[in-house]
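Architecture and fold: a report
Okay, here's what each chain looks like letter by letter:
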Amino acid sequence: MNLIEQHASFGGTQSVFRHTSKTLNCDMTFGIFVPQHAEGARLPVIYWLSGLTCTEQNFVTKAGAQAYAAEHGVIVVAPDTSPRGDDVADDPAYDLGKGAGFYLNATEEPWAAHFRMYDYIVEELPALIEANFPASESRSIMGHSMGGHGAITIALKNPGRYRAVSAFSPIVAPSQVPWGEKAFTAYLGPDRETWKQHDATALLASATERLPILIDQGEADDFLAEQLKPEIFTAEAARYNHPVKLNLRPGYDHSYYFIASFIGDHIAHHAAALKS
(Lines give C-alpha, C1' and ligand atoms only; values in the text may rest on other atoms or scores of the structure.)
Protein backbone atom coordinates (compact mmCIF):
# COMPACT_ATOMS: atom_id res chain seq x y z
CA MET A 1 0.00 0.00 0.00
CA ASN A 2 1.03 3.59 -0.63
CA LEU A 3 -0.06 6.35 1.72
CA ILE A 4 -1.61 9.19 -0.30
CA GLU A 5 -2.63 11.51 2.51
CA GLN A 6 -2.99 11.48 6.29
CA HIS A 7 -4.52 13.97 8.73
CA ALA A 8 -5.03 14.09 12.49
CA SER A 9 -8.75 14.14 13.21
CA PHE A 10 -10.61 13.99 16.55
CA GLY A 11 -7.68 12.27 18.21
CA GLY A 12 -7.35 9.67 15.46
CA THR A 13 -6.07 9.63 11.89
CA GLN A 14 -7.88 10.00 8.59
CA SER A 15 -5.81 8.45 5.82
CA VAL A 16 -6.14 7.59 2.15
CA PHE A 17 -4.19 4.67 0.69
CA ARG A 18 -3.64 3.29 -2.80
CA HIS A 19 -3.06 -0.40 -3.45
CA THR A 20 -3.01 -2.81 -6.36
CA SER A 21 -6.19 -4.90 -6.42
CA LYS A 22 -5.85 -8.42 -7.81
CA THR A 23 -9.64 -8.70 -7.87
CA LEU A 24 -10.17 -5.59 -10.01
CA ASN A 25 -6.90 -5.72 -11.98
CA CYS A 26 -6.14 -2.08 -11.27
CA ASP A 27 -4.97 0.30 -8.56
CA MET A 28 -7.61 1.29 -6.01
CA THR A 29 -7.86 3.90 -3.29
CA PHE A 30 -9.68 3.81 0.00
CA GLY A 31 -10.11 6.16 2.94
CA ILE A 32 -9.75 4.87 6.50
CA PHE A 33 -10.35 6.59 9.81
CA VAL A 34 -8.67 4.95 12.81
CA PRO A 35 -9.65 6.43 16.17
CA GLN A 36 -7.33 6.79 19.12
CA HIS A 37 -7.04 3.40 20.82
CA ALA A 38 -5.04 1.41 23.33
CA GLU A 39 -1.91 -0.33 22.11
CA GLY A 40 -2.73 -3.81 20.87
CA ALA A 41 -6.48 -3.15 20.65
CA ARG A 42 -8.48 -4.50 17.71
CA LEU A 43 -11.36 -2.28 16.71
CA PRO A 44 -14.61 -3.06 14.87
CA VAL A 45 -14.96 -1.77 11.32
CA ILE A 46 -17.78 -0.02 9.47
CA TYR A 47 -17.55 -0.18 5.67
CA TRP A 48 -19.11 2.78 3.82
CA LEU A 49 -20.11 2.42 0.16
CA SER A 50 -20.56 5.66 -1.77
CA GLY A 51 -22.97 6.45 -4.60
CA LEU A 52 -22.84 7.25 -8.31
CA THR A 53 -19.98 9.52 -9.48
CA CYS A 54 -18.29 9.45 -6.07
CA THR A 55 -14.83 8.45 -4.87
CA GLU A 56 -13.70 7.89 -1.29
CA GLN A 57 -13.24 11.67 -0.98
CA ASN A 58 -16.95 12.49 -0.90
CA PHE A 59 -17.50 10.62 2.33
CA VAL A 60 -14.12 11.44 3.87
CA THR A 61 -14.51 15.20 3.43
CA LYS A 62 -18.28 15.79 3.56
CA ALA A 63 -19.99 13.27 5.86
CA GLY A 64 -18.51 14.45 9.17
CA ALA A 65 -18.21 10.86 10.32
CA GLN A 66 -14.84 11.13 12.07
CA ALA A 67 -16.17 12.73 15.28
CA TYR A 68 -18.75 9.99 15.74
CA ALA A 69 -16.33 7.20 14.86
CA ALA A 70 -13.90 8.59 17.45
CA GLU A 71 -16.66 8.80 20.05
CA HIS A 72 -17.67 5.16 19.54
CA GLY A 73 -14.18 3.75 18.94
CA VAL A 74 -14.82 2.28 15.49
CA ILE A 75 -12.78 2.25 12.29
CA VAL A 76 -14.55 3.54 9.17
CA VAL A 77 -13.37 2.40 5.72
CA ALA A 78 -14.59 4.16 2.57
CA PRO A 79 -13.45 2.57 -0.73
CA ASP A 80 -13.82 3.99 -4.20
CA THR A 81 -17.01 3.15 -6.09
CA SER A 82 -15.49 1.32 -9.04
CA PRO A 83 -12.23 0.30 -10.76
CA ARG A 84 -10.12 3.08 -12.24
CA GLY A 85 -7.35 3.36 -14.81
CA ASP A 86 -6.68 4.01 -18.48
CA ASP A 87 -7.35 0.38 -19.44
CA VAL A 88 -10.62 0.13 -17.49
CA ALA A 89 -13.79 0.20 -19.60
CA ASP A 90 -15.90 3.34 -19.28
CA ASP A 91 -19.00 5.04 -20.66
CA PRO A 92 -19.68 8.73 -21.35
CA ALA A 93 -22.72 8.67 -19.06
CA TYR A 94 -22.36 9.24 -15.31
CA ASP A 95 -24.40 6.16 -14.38
CA LEU A 96 -22.28 3.48 -16.09
CA GLY A 97 -18.60 2.63 -15.96
CA LYS A 98 -16.10 4.45 -13.75
CA GLY A 99 -17.86 5.85 -10.72
CA ALA A 100 -20.78 3.47 -11.25
CA GLY A 101 -19.60 -0.02 -10.31
CA PHE A 102 -22.89 -0.99 -8.58
CA TYR A 103 -21.01 -3.37 -6.23
CA LEU A 104 -21.54 -6.46 -8.35
CA ASN A 105 -19.38 -8.84 -10.42
CA ALA A 106 -19.86 -8.03 -14.09
CA THR A 107 -20.19 -10.99 -16.45
CA GLU A 108 -20.50 -9.08 -19.75
CA GLU A 109 -17.78 -7.54 -21.91
CA PRO A 110 -16.10 -5.11 -21.79
CA TRP A 111 -16.85 -4.86 -18.09
CA ALA A 112 -15.98 -8.34 -16.79
CA ALA A 113 -12.21 -7.82 -16.79
CA HIS A 114 -12.30 -5.17 -14.04
CA PHE A 115 -15.79 -4.65 -12.64
CA ARG A 116 -15.81 -7.15 -9.75
CA MET A 117 -16.71 -4.77 -6.95
CA TYR A 118 -18.73 -7.39 -5.07
CA ASP A 119 -15.69 -9.62 -4.54
CA TYR A 120 -13.54 -6.60 -3.76
CA ILE A 121 -15.85 -5.33 -1.01
CA VAL A 122 -16.71 -8.71 0.49
CA GLU A 123 -13.33 -10.44 0.33
CA GLU A 124 -10.24 -8.52 -0.80
CA LEU A 125 -10.68 -5.19 0.98
CA PRO A 126 -11.59 -6.62 4.42
CA ALA A 127 -8.64 -9.02 4.23
CA LEU A 128 -6.36 -6.07 3.45
CA ILE A 129 -7.78 -3.96 6.28
CA GLU A 130 -7.61 -6.73 8.88
CA ALA A 131 -4.02 -7.58 7.94
CA ASN A 132 -2.65 -4.02 8.00
CA PHE A 133 -4.67 -2.04 10.56
CA PRO A 134 -5.86 -2.59 14.16
CA ALA A 135 -9.11 -4.04 12.82
CA SER A 136 -11.05 -6.94 14.25
CA GLU A 137 -13.30 -9.30 12.30
CA SER A 138 -16.35 -7.51 13.69
CA ARG A 139 -17.77 -5.73 10.63
CA SER A 140 -20.80 -3.75 9.55
CA ILE A 141 -21.74 -2.08 6.28
CA MET A 142 -23.63 1.02 5.15
CA GLY A 143 -23.88 3.27 2.11
CA HIS A 144 -25.63 5.96 0.12
CA SER A 145 -27.75 5.64 -3.03
CA MET A 146 -25.90 3.14 -5.27
CA GLY A 147 -23.81 2.40 -2.19
CA GLY A 148 -26.96 1.83 -0.16
CA HIS A 149 -27.94 -0.73 -2.78
CA GLY A 150 -24.51 -2.32 -2.36
CA ALA A 151 -24.63 -2.34 1.44
CA ILE A 152 -28.07 -3.95 1.69
CA THR A 153 -27.54 -6.55 -1.03
CA ILE A 154 -24.11 -7.54 0.30
CA ALA A 155 -25.47 -7.90 3.83
CA LEU A 156 -28.43 -9.99 2.62
CA LYS A 157 -26.14 -12.26 0.58
CA ASN A 158 -23.63 -12.85 3.39
CA PRO A 159 -25.44 -13.93 6.57
CA GLY A 160 -23.25 -13.76 9.65
CA ARG A 161 -20.57 -11.60 8.04
CA TYR A 162 -21.92 -8.23 9.19
CA ARG A 163 -23.31 -7.16 12.56
CA ALA A 164 -25.36 -4.26 11.18
CA VAL A 165 -26.48 -2.69 7.91
CA SER A 166 -27.91 0.72 7.09
CA ALA A 167 -28.37 3.05 4.13
CA PHE A 168 -29.12 6.60 3.07
CA SER A 169 -31.43 6.96 0.06
CA PRO A 170 -30.68 3.44 -1.24
CA ILE A 171 -31.59 2.05 -4.65
CA VAL A 172 -33.60 -0.85 -3.21
CA ALA A 173 -35.35 -2.18 -6.33
CA PRO A 174 -32.79 -1.73 -9.13
CA SER A 175 -34.54 -4.18 -11.45
CA GLN A 176 -37.52 -1.82 -11.51
CA VAL A 177 -35.85 1.59 -11.97
CA PRO A 178 -33.88 3.21 -14.83
CA TRP A 179 -30.51 3.34 -13.04
CA GLY A 180 -30.57 -0.35 -12.24
CA GLU A 181 -32.02 -1.50 -15.55
CA LYS A 182 -29.26 0.29 -17.46
CA ALA A 183 -26.42 -0.94 -15.24
CA PHE A 184 -27.66 -4.51 -14.89
CA THR A 185 -28.21 -4.87 -18.65
CA ALA A 186 -24.65 -3.71 -19.31
CA TYR A 187 -22.89 -5.58 -16.51
CA LEU A 188 -25.01 -8.76 -16.22
CA GLY A 189 -26.76 -9.10 -19.59
CA PRO A 190 -30.45 -9.10 -20.51
CA ASP A 191 -31.58 -12.07 -18.36
CA ARG A 192 -33.57 -10.48 -15.57
CA GLU A 193 -33.40 -13.65 -13.47
CA THR A 194 -29.68 -13.05 -12.95
CA TRP A 195 -30.42 -9.52 -11.80
CA LYS A 196 -32.26 -10.81 -8.74
CA GLN A 197 -28.97 -11.74 -7.08
CA HIS A 198 -28.18 -8.03 -6.84
CA ASP A 199 -31.64 -6.67 -6.13
CA ALA A 200 -32.37 -6.01 -2.44
CA THR A 201 -36.12 -6.39 -2.84
CA ALA A 202 -35.76 -9.73 -4.63
CA LEU A 203 -33.19 -11.01 -2.11
CA LEU A 204 -35.57 -10.65 0.85
CA ALA A 205 -37.38 -13.85 -0.10
CA SER A 206 -34.28 -16.02 0.23
CA ALA A 207 -32.56 -14.22 3.13
CA THR A 208 -31.55 -16.67 5.87
CA GLU A 209 -30.68 -13.94 8.37
CA ARG A 210 -33.16 -11.25 9.35
CA LEU A 211 -30.59 -8.57 10.13
CA PRO A 212 -32.44 -5.31 10.93
CA ILE A 213 -32.06 -2.67 8.20
CA LEU A 214 -31.97 1.05 9.02
CA ILE A 215 -32.83 3.43 6.16
CA ASP A 216 -32.94 7.22 6.10
CA GLN A 217 -34.64 8.83 3.11
CA GLY A 218 -35.09 12.53 2.38
CA GLU A 219 -38.58 13.45 1.23
CA ALA A 220 -37.21 16.28 -0.93
CA ASP A 221 -34.93 13.88 -2.80
CA ASP A 222 -35.23 14.50 -6.55
CA PHE A 223 -34.62 10.79 -7.23
CA LEU A 224 -37.17 9.45 -4.75
CA ALA A 225 -40.13 8.79 -7.03
CA GLU A 226 -38.33 7.49 -10.14
CA GLN A 227 -35.14 5.78 -8.92
CA LEU A 228 -35.37 4.92 -5.20
CA LYS A 229 -38.94 3.74 -4.44
CA PRO A 230 -38.46 2.63 -0.80
CA GLU A 231 -42.14 1.69 -0.59
CA ILE A 232 -41.48 -1.32 -2.84
CA PHE A 233 -38.80 -2.57 -0.46
CA THR A 234 -40.70 -1.97 2.77
CA ALA A 235 -43.79 -3.75 1.41
CA GLU A 236 -41.71 -6.80 0.49
CA ALA A 237 -39.90 -6.71 3.84
CA ALA A 238 -43.24 -6.72 5.66
CA ARG A 239 -44.27 -9.75 3.62
CA TYR A 240 -41.29 -11.72 4.97
CA ASN A 241 -41.25 -10.15 8.44
CA HIS A 242 -37.82 -8.68 7.77
CA PRO A 243 -37.20 -5.81 10.22
CA VAL A 244 -36.77 -2.47 8.43
CA LYS A 245 -36.82 0.97 10.02
CA LEU A 246 -37.46 3.64 7.39
CA ASN A 247 -37.03 7.23 8.52
CA LEU A 248 -38.60 9.68 6.06
CA ARG A 249 -36.94 13.06 6.60
CA PRO A 250 -39.02 16.09 5.48
CA GLY A 251 -37.07 18.75 3.58
CA TYR A 252 -33.90 16.69 3.06
CA ASP A 253 -32.52 15.91 -0.40
CA HIS A 254 -30.00 13.42 -1.84
CA SER A 255 -26.87 15.36 -0.90
CA TYR A 256 -24.16 15.01 1.72
CA TYR A 257 -25.89 17.75 3.71
CA PHE A 258 -28.52 15.08 4.37
CA ILE A 259 -25.94 12.41 5.17
CA ALA A 260 -24.01 14.69 7.53
CA SER A 261 -27.24 15.48 9.39
CA PHE A 262 -27.89 11.86 10.35
CA ILE A 263 -24.53 10.06 10.08
CA GLY A 264 -24.22 10.20 13.86
CA ASP A 265 -27.41 8.17 14.26
CA HIS A 266 -26.15 5.56 11.83
CA ILE A 267 -22.71 5.20 13.40
CA ALA A 268 -24.34 4.84 16.83
CA HIS A 269 -26.60 2.14 15.38
CA HIS A 270 -23.60 0.27 13.99
CA ALA A 271 -21.43 0.73 17.08
CA ALA A 272 -24.11 -0.73 19.32
CA ALA A 273 -24.34 -3.87 17.16
CA LEU A 274 -20.58 -4.17 16.67
CA LYS A 275 -19.89 -4.05 20.40
CA SER A 276 -22.80 -6.18 21.58
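Preceding this section is the structure that the text describes.
Read on for an overview of the structure. (Residues numbered from 1 in each chain as written. Predicted model: local features only at pLDDT ≥ 70, side-chain atom pairs only at ≥ 80, totals over all residues. Heavy atoms only, no water.)

Structural notes on the overall build of the protein chain
Secondary structure summary: the protein chain contains 10 helices and nine strands in total. What you see for the protein chain is a C-alpha radius of gyration of 17 Å, in line with the 19 Å of a compact globule of 276 residues. Summarising its shape, the C-alpha atoms of the protein chain cover approximately 50 × 40 × 35 Å along the three principal directions. Within the protein chain, counting contacts between residues at least 6 apart in sequence, those at least 24 apart form 71% of the total. Counting every atom, the protein chain has about 11000 Å² of accessible surface; 50% of that belongs to carbon and sulfur. (Helix = DSSP H or I, 4+ residues; strand = E, 2+ residues; numbered from the N terminus. Rg over C-alpha atoms; globule rule 2.2 N^0.38 Å. Contact = heavy atoms within 4.5 Å. Areas by Shrake-Rupley, 256 points an atom, 1.4 Å probe, with all protein chains shown as cover.)

Here we look at the side chain of Ser-175
Residue placement: Ser-175 occurs in the loop between strand 7 (165-168) and helix 5 (178-188). A distance of 2.8 Å separates the side chain of Ser-175 from the side chain of Asp-199, its partner in a polar contact. When near neighbours in sequence (up to four residues on either side) are disregarded, Ser-175 contacts Glu-181, Phe-184, Arg-192, Trp-195 and Asp-199. (Polar contact = N/O pair within 3.5 Å; in protein donor to acceptor, adjacent residues only side chain to side chain.)

Thoughts on helix 3 (residues 117-132)
Most pronounced at Glu-124, the bend in helix 3 amounts to some 35°, and the proline Pro-126 follows within four residues. All of the buried residues in helix 3 are Met-117, Tyr-118, Tyr-120, Ile-121, Val-122, Glu-124, Leu-125, Pro-126, Leu-128, Ile-129 and Glu-130. For helix 3, the secondary structure elements touched by its buried residues are strand 2 (12-21), strand 3 (26-34), strand 4 (43-49), strand 5 (75-79), strand 6 (135-144) and helix 4 (146-157). (Bend = angle between axes of the 7 residues up to and from the residue. Buried < 20%, exposed > 50% of the residue type's maximum accessible area, 1.4 Å probe, protein only.)

A few points about the sheet that holds strand 1 (residues 2-9)
In space, the nine strands of this open sheet follow the order 1-2-3-5-4-6-7-8-9, with mixed pairing throughout. Strands with a single pairing partner mark the edges of an open sheet, and in this sheet they are strand 1 and strand 9 (244-249). The mean inter-strand angle of the sheet, taken between neighbouring strand axes irrespective of direction, is 20°. Here strand 7 runs beside strand 8 (residues 213-218); their pairing, made up of four bridges, is parallel. Looking at strand 8, one finds that Ala-167 is bridged to Ile-215. Contacts from helix 3 reach strand 2, strand 3, strand 4, strand 5 and strand 6 within the one sheet, and its direction differs from that of strand 6 by about 140°. (Pairing = 2+ DSSP bridges. Axes fitted to C-alpha atoms, helices over the stretch in contact; angles between N-to-C directions.)

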